[in-house]
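# Coordinate analysis (summary)
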Amino acid sequence: MKVIVTNDYHEMSKVAAEIVSHVVLDNPNAVLGLATGSSPIGLYNNLIEMYEAGLLSFANVSTVNLDEYVGLDRDHPQSYAYFMRNVLFDHIDIDLGNTHIPCGSADNLEQQCRQYNELLASLKQDIQVLGIGSNGHIGFNEPGTPFDSVTHIVQLADSTIKDNSRLFNSIDEVPTKAITMGISNIINARKIIVIANGTNKADAVYKMVQGEISENCPASVLQKHPDVVLVCDTLAAAKLKM
Ligand code: GLP
């Protein structure tokens, strides 16, 4: 895994945006796998700036998102569908019809998982953007998730509910379940970029890059992928042995 350590969130976001933008410049029809959370917001801001400066177009790009909370419809302000429109899609020239996020409010969630797997089979990610949970999760694949998993419904770990409660009015409002791409759907991407910043990611980053490859740390599966780049700040890199 290639590791790029940057000074701070600002620089991390710029470097990450350079990498993602090159994928789109090389292939205007690229499929981007996208992530939510605080980590990629700066990356998305940089992509918006490049679009506004006329350097980049998303007119023919398709996107597939990693995950969504179960029980929140796409217009709920805490849903990942809403988040993506808010932080990226509403500010660039992408066709919303080409953006895909699992539907967490579907009546039949098992069917929704099957349909998302079919979609992913036809839209292989040219690059997948990932954040990492403080417990090493990728998407919402919590520790213990099999590496060969496909899109599925997950019971969120207590630590994830606690981490994500900062974005809700109270911890009781955080959904306890989510629908997520499985680990094999993620690893299927041609290229993967992981973004991590802050001290609370240092343990997970160490286990991902230099720890044992184990389902106890879902992100450690990335050691097996031939084209992964981690872009992190010095705080998240603090435990890496360089
Ligand atoms: C959530 C998302 C993940 C994300 C992680 C880290 O649980 N499902 O895809 O990577 O949190 O989020 P943050 O970037 O806010 O630290």
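Preceding this section is the structure that the text describes.
Just so it is clear, the structure is predicted and the values come from calculations on it, not from any experiment.

## Overview of the pairing of strand β7 (residues 152-155)
In β7, alternate side chains face the same way, and those of His 152 and Val 154 are buried while those of Ile 153 and Gln 155 on the opposite face are not. In this sheet, strand β8 (residues 177-180) lies alongside β7 in antiparallel orientation, the contact comprising four bridges. Residue pairing in the sheet places Gln 155 in a bridge with Lys 177 of β8.

## Overview of the nonpolar core
Formed by 65 residues in total, the largest nonpolar core has its most connected members in Leu 32, Leu 47, Leu 88 and Ile 193. Here the element with the most residues in this core is helix α1 (residues 9-26); it accounts for seven residues. If we skip the residues at most four places from it in the chain, Leu 47 touches Ala 17, Val 20, Ser 21, Leu 56, Phe 58 and Leu 88. Counting residues in hydrophobic clusters, the runner-up holds ten residues, among them Leu 72, Phe 140, Ile 161 and Ala 178.

## Re the site of the ligand
Around the ligand, the structure places 14 residues, and the nearest of them are Ser 38, Ser 39, Asp 67, Arg 166 and Lys 201. Asn 164 has a polar side-chain atom sitting 3.3 Å from an oxygen atom of the ligand. Between the ligand and the protein, one listed contact pairs an oxygen atom with a side-chain N or O atom of Lys 201 at 2.6 Å. Notes on the ligand: free accessible area 390 Å², of which the protein chains cover 93%.

## Focus: the state of the cysteines
Covalent bonding between the sulfur atoms of two cysteines defines a disulfide. Inspection of the entire model under this criterion finds zero disulfides. You can see Cys 103 has no disulfide; the closest cysteine sulfur is in Cys 113, sitting 11 Å from it. On the basis of relative accessible area, Cys 103 is assigned to the partly exposed category, the value being 31%. As a non-bridged cysteine, Cys 232 has Cys 217 as the owner of its nearest cysteine sulfur, 14 Å distant.

The rules behind the values
- Residues numbered from 1 in each chain as written.
- Predicted model: local features only at pLDDT ≥ 70, side-chain atom pairs only at ≥ 80, totals over all residues.
- Heavy atoms only, no water.
- Buried < 20%, exposed > 50% of the residue type's maximum accessible area, 1.4 Å probe, protein only.
- Helix = DSSP H or I, 4+ residues; strand = E, 2+ residues; numbered from the N terminus.
- Pairing = 2+ DSSP bridges.
- Core = buried A, V, L, I, M, F, W, Y, C linked by side-chain atoms within 4.5 Å.
- Contact = heavy atoms within 4.5 Å.
- Near = heavy atom within 4 Å.
- Polar contact = N/O pair within 3.5 Å; in protein donor to acceptor, adjacent residues only side chain to side chain.
- Areas by Shrake-Rupley, 256 points an atom, 1.4 Å probe, with all protein chains shown as cover.
- Disulfide = S-S within 2.5 Å.

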